[in-house]
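Observations on chain architecture
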Amino acid sequence: MRNYYEGGRGLLAPDRETALGLGVATSERMLGICRGRRKFLAASLSLLCIPAITWIYLFAGSFEDGKPVSLSPLESQAHSPRYTASSQRERESLEVRVREVEEENRALRRQLSLAQGRAPAHRRGNHSKTYSMEEGTGDSENLRAGIVAGNSSECGQQPVVEKCETIHVAIVCAGYNASRDVVTLVKSVLFHRRNPLHFHLIADSIAEQILATLFQTWMVPAVRVDFYNADELKSEVSWIPNKHYSGIYGLMKLVLTKTLPANLERVIVLDTDITFATDIAELWAVFHKFKGQQVLGLVENQSDWYLGNLWKNHRPWPALGRGYNTGVILLLLDKLRKMKWEQMWRLTAERELMGMLSTSLADQDIFNAVIKQNPFLVYQLPCFWNVQLSDHTRSEQCYRDVSDLKVIHWNSPKKLRVKNKHVEFFRNLYLTFLEYDGNLLRRELFGCPSEADVNSENLQKQLSELDEDDLCYEFRRERFTVHRTHLYFLHYEYEPAADNTDVTLVAQLSMDRLQMLEAICKHWEGPISLALYLSDAEAQQFLRYAQGSEVLMSRHNVGYHIVYKEGQFYPVNLLRNVAMKHISTPYMFLSDIDFLPMYGLYEYLRYHVWTKGHAPTNFAKWRTATTPYRVEWEADFEPYVVVRRDCPEYDRRFVGFGWNKVAHIMELDAQEYEFTVLPNAYMIHMPHAPSFDITKFRSNKQYRICLKTLKEEFQQDMSRRYGFAALKYLTAENNS
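Note on numbering: residues in each chain are counted from 1, in written sequence order. In view of the model being predicted, local features appear only for residues whose pLDDT reaches at least 70, and side-chain atom pairs are presented and counted only at 80 or more, with totals across whole chains, interfaces and linings using the full set of residues. The basis for every side-chain value is the complete set of heavy atoms in the structure, and neither hydrogens nor water enter the calculation.

So, on to the overall build of the chain. Labels follow the DSSP assignment, with helices taken as runs of H or I lasting at least four residues and strands as runs of E lasting at least two, numbered in each case from the N terminus. Broken down by element type, the chain carries 23 helices and 29 strands. Within the chain, buried positions represent 55% of all 736 residues. Looking at the chain as shown, the accessible area adds up to about 33,200 Å², and 51% of this sits on carbon and sulfur atoms. We call a residue buried when its accessible area falls under 20% of the maximum for its residue type, exposed when it is over 50%, and partly exposed in between, using a 1.4 Å probe and counting protein chains only. Computed with a 1.4 Å probe, the accessible areas rest on the Shrake-Rupley method; for each residue, only the protein chains presented here act as cover.

In the sections that follow, a salt bridge refers to a side-chain nitrogen of Lys or Arg positioned within 4 Å of a carboxyl oxygen of Asp or Glu. One pass over the structure, following the stated rule, counts 22 salt bridges. Close ionic contact of Lys-187 with Asp-536 constitutes a salt bridge, the shortest N to O distance being 2.7 Å. Of this pair, Lys-187 sits in helix 3 (residues 176-192) while Asp-536 sits in helix 15 (residues 536-547), and the two are 349 residues apart along the sequence. Across this residue pair, the class does not change: Lys-187 and Asp-536 are buried. Between Asp-304 and Arg-322 there is a salt bridge whose closest N-O contact spans 2.3 Å. With Asp-304 in the loop between strand 15 (296-300) and strand 16 (324-332) and Arg-322 in the loop between strand 15 and strand 16, this residue pair connects regions lying 18 residues apart in the sequence. Because the salt bridges share partners, they merge into one network encompassing Lys-187, Asp-437, Arg-484 and Asp-536.

What follows covers the side chain of Lys-253. Tracing the sequence through the fold places Lys-253 in the loop between helix 5 (234-237) and helix 6 (256-259). Residue class for Lys-253 comes out buried when judged on its relative accessible area of 7%. Polar contact is defined as a pair of N or O atoms within 3.5 Å, subject to the rule that within protein one atom must be able to donate a hydrogen and the other to accept it, and that residues adjacent in sequence are counted only when both atoms are side-chain atoms. Only 2.4 Å separates the side chain of Lys-253 from the side chain of Asp-271, close enough to count as a polar contact. Non-local contacts of Lys-253, meaning those with residues more than four positions away in its chain, are made with Val-172, Val-269, Asp-271, Thr-326, Gly-327, Ile-329, Asp-363 and Phe-367. It only takes one pair of heavy atoms within 4.5 Å for two residues to be counted as in contact.

This paragraph deals with empty space enclosed by the protein. The volume enclosed by the largest cavity comes to roughly 50 Å³. In this structure, the largest cavity is lined by Arg-576, Leu-590, Ser-591, Asp-592, Pro-639, Tyr-640, Val-641, Tyr-650, Lys-661, His-664 and Ile-665. For the lining of the largest cavity, the secondary structure elements donating two or more residues are strand 27 (640-644) and helix 20 (660-670). Per-element tally for the lining of the largest cavity: the top contributor is helix 20, with 3 residues. Method remark: on a 1 Å grid restricted to protein atoms, a set of points is classed as a cavity if a 1.4 Å probe fits but cannot get out and as a pocket if it is open with protein on both sides within 12 Å along at least five of seven lines; lining residues have an atom within 4 Å of a point. Grid points are joined across faces, edges and corners, and a volume is the space filled by probe spheres set on the points.

Any two strands are treated as partners once DSSP identifies two or more bridges connecting them. With respect to topology, 3 strands assemble into an open sheet ordered 14-19-18, the strand pairing being mixed. Strand pairing shows two members of the sheet lacking a second neighbour, strand 14 (274-276) and strand 18 (387-388), which therefore form its edges. Of the strand pairs in this sheet, strand 18 and strand 19 (residues 407-409) are connected by 2 bridges, and their pairing is parallel. Bridge pairing in strand 19 links Val-387 to Ile-408.

Before going further, it helps to examine helix 3. The span you would expect from a helix comes to 1.5 Å times its residue count less one. Here helix 3 contains 17 residues, and its C-alpha end-to-end distance of 26 Å stays within 8% of the 24 Å for a straight helix at 1.5 Å per residue. Counting buried positions over the 17 residues of helix 3 gives 13, a clear majority of the element.

What follows is about the pairing of strand 27. Of all 5 residues in strand 27, 4 are buried, a share of seventy percent or more. Pairing of strand 24 (residues 587-590) with strand 27 involves 4 bridges; the strand directions are antiparallel. Its bridge partner lying in strand 27, Tyr-587 is registered against Arg-644.

Attention shifts here to a nonpolar patch on the surface. In this scheme, patches are assembled from residues that exceed 30% relative accessible area and form no salt bridge. Like charges are connected within 9 Å, while nonpolar side chains (Val, Leu, Ile, Met, Phe, Trp, Tyr) are connected within 5 Å. Together, Phe-724, Leu-727 and Leu-730 give the surface a local cluster of nonpolar side chains, amounting to about 310 Å² of exposed area. If you trace the backbone, Phe-724 turns up in the loop between helix 22 (701-722) and helix 23 (727-735). On the accessibility criterion, Phe-724 (72% relative accessible area) is exposed.

Attention now moves to unusual backbone geometry. Its identity is not glycine, yet Met-219 carries a phi of approximately 55°, on the positive side. The residue Met-219 is located in the loop between helix 4 (205-218) and strand 12 (223-229) in this model. Taking the relative accessible area as the measure of exposure, Met-219 reaches 14% and is therefore buried. Unlike most non-glycine residues, Ala-362 shows phi in positive territory, near 55°. Tracing the chain through its elements places Ala-362 in the loop between helix 9 (341-356) and helix 10 (363-373). For Ala-362, a relative accessible area of 1% translates into the label buried.

The next thing to look at is the confidence of the model for the chain. If pLDDT is low for a region, its predicted coordinates should not be looked at in detail. Known as pLDDT, the predictor's per-residue confidence is scaled from 0 to 100. Counting all residues, the mean pLDDT for the chain is 75, and 69% of those residues have values of 70 or more. Counted against residues more than four places away or in other chains, residues 5-83, with its pLDDT under 50, gives 354 contacts. Below a pLDDT of 50 lies the segment residues 607-616, which in the model reaches 70 contacts outside its immediate sequence neighbourhood of four places, other chains included.

This part takes up the state of the cysteines. The disulfide definition used here is simple: a pair of cysteine sulfur atoms within 2.5 Å. A full pass over the atoms with the stated rule returns 1 disulfide. A disulfide bridge connects Cys-164 with Cys-448, and the sulfur atoms are separated by 2.1 Å. Its torsion about the S-S bond being -90°, the disulfide of Cys-164 and Cys-448 is classed as left-handed. With a gap of 284 residues between them, Cys-164 in the loop between strand 9 (160-162) and strand 10 (167-173) and Cys-448 in the loop between helix 11 (423-434) and helix 12 (454-464) connect regions that are remote in the sequence. You can call Cys-448 buried: its relative accessible area is 13%.

Let us look at the packing of aromatic side chains. Between 30 and 60 degrees the pair is tilted, below 30 it is stacked and above 60 it is edge-to-face, where a pair is any two Phe, Tyr or Trp rings, Trp via its six-membered ring, whose centres lie within 6.5 Å. Taken as a whole, this structure holds 20 aromatic pairs when the rule is applied. A ring pair is formed by Tyr-176 and Tyr-488, whose centres lie 6.1 Å apart and whose planes are at 65°; its orientation type is edge-to-face. Here Tyr-488 lies in the loop between strand 20 (485-486) and strand 21 (503-510) and Tyr-176 lies in helix 3, a separation of 312 residues in the sequence. There is no split in this pair, since Tyr-176 and Tyr-488 are both buried. Note on Trp-410 and Tyr-430: the rings are 5.8 Å apart at their centroids and 65° apart in plane angle, and the pair reads as edge-to-face. One end of the pair, Trp-410, is in the loop between strand 19 and helix 11; the other, Tyr-430, is in helix 11, with 20 residues separating them in the sequence.

Moving on, we get to the environment of Gly-292. Looking at the element boundaries, Gly-292 is found in the loop between helix 7 (280-285) and strand 15. For the pair formed by Gly-292 and Phe-376, sequence separation is 84 residues and the distance between their alpha carbons is 8.3 Å.

This is the structure we're talking about:
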């Protein structure tokens, strides 16, 4: 378990200890290659109480021989030819039942009236130290219609959630697509929340890498994330045959009592396809309503699945009536452990599998089979806590207007394409969070102490040391900005070649260069690592663009890493560092998105580069060269290079336009990389409109002054790090 808290150029390539550079030509001019020596530095990285009854039908009746028995006291007994003493007793018994039902209804109306009278005070209570959560609305009309959910007729004292009480949420997540879904779920929770949150993520290695980086760079106050290795839990449930599309991970909620910390008493368990429309603390408050042996909070299944009448010979697992949906679960972990939950569900699963052979709905089938035998375990949640949007549900009965909605559950393989008469509204609500700027969710929870976050403290210390009166303050601040980063936004799958000579093309881009992706993918068949600088809304536009492209969807060896926009400068070197850090090959070709490799360049570098090394360009010599040749570093030299994956990172002080590649090549030279040009290899610079940053550089004098200042500071740092050997950079700059 791991914890994370709130928390004309050239090209380089190496052979043994060398680095290679490829010269770049514009349109017709060609590009060479270079390569270097020496070890490479490791790359880094208000509660309204509802009388809780279930479907009260306000009529009374009995049927005998298929005929209704009238309950009207005005009916004359003498008019019935079949009147007997027995039927008189039945009539009297039914009349007693009617009076009892009427008395219960009067009592329920009195309770509802009292609850409605208290509601304003509860809403005002939201501003006090503890606050109550509104759980639903109702009136006598609702009672008459039978549209009230719950399973306790007692209102009692309103449950409260302390202002700074931590709410625990568990989610099972595996793979690239599920990781994207988790982000949207978390956004909807963060948007409404007023309490500290502790997420417990049962994740495979892919999801952990993606989400660990995301939360580390998101740096949301009063949020803690723990990871639990889902791959280590496979043996606990792999013996259960399962036909559900979620696969083996759809069974892992069964082992949460064993997986989560022993001192964790309660937790809300959520599917990844959930969207919150209210504060999750309202759901957390429902734990106070559990009584007796109730340990599971669940919403009734809103489809006919467990009734077994969807199609001929449909045979579902056993369940109470419609059964329960496990997309949202309240778990009392401490009581479940005392009840020996592990033994309970295992014995039930083994018994039912003898006849059913496999599960169809993963953990949901087993939960329902256990509940069928032990109904006392369940506290039935009102159905608005899990409005299920699949094709065969009756979810419309859970809500009348927007204020009734609490949790929306896209529980269908078709997801946003399900059939529901309000699906457009639900889709728009979902898309709101999908495209919502996650940076806006980094708000503090005032008055709640949070655990010390070393990264956050270091960042604040670094920023406090900057002089805000410095004319170049914004440039300097950008170096320390932490950009929220979502790695592997799309599915990625690639195994490097076994000969240890494989190379990944590395580049960065923003939305205005998106159209160049298909051309590069056609020219470079090898693996690619791309960092994209996008807003949340642009990330979704990119997703739609990629999913609509046959070229991009046919490639699984392209890693797309989203770095979310923040600040006023384009963080070009940060983007390069992100793309460099997440490659799986021993070598990388450091390029830019507007340079198109020649056809076959990927294969040419694997089979011709590595034994000799290559470097930046002398174009006159390159045009006639037949063998690789070495070149020396020169001022302002910025070839596109092939290097080993452990080469130095780019310097983050350079943002926007100017000196971002020059500084990197200078550091490679300082570390004694050798540059060698490779003949018969080139790239073509594709024309494009000027970037926003180069326009600022040309039009803003202060921009140019600050860039000059940063260059001088970089050279001074080089002198401190490399001593006498770095003097040549100062000399070359003065002479250029």
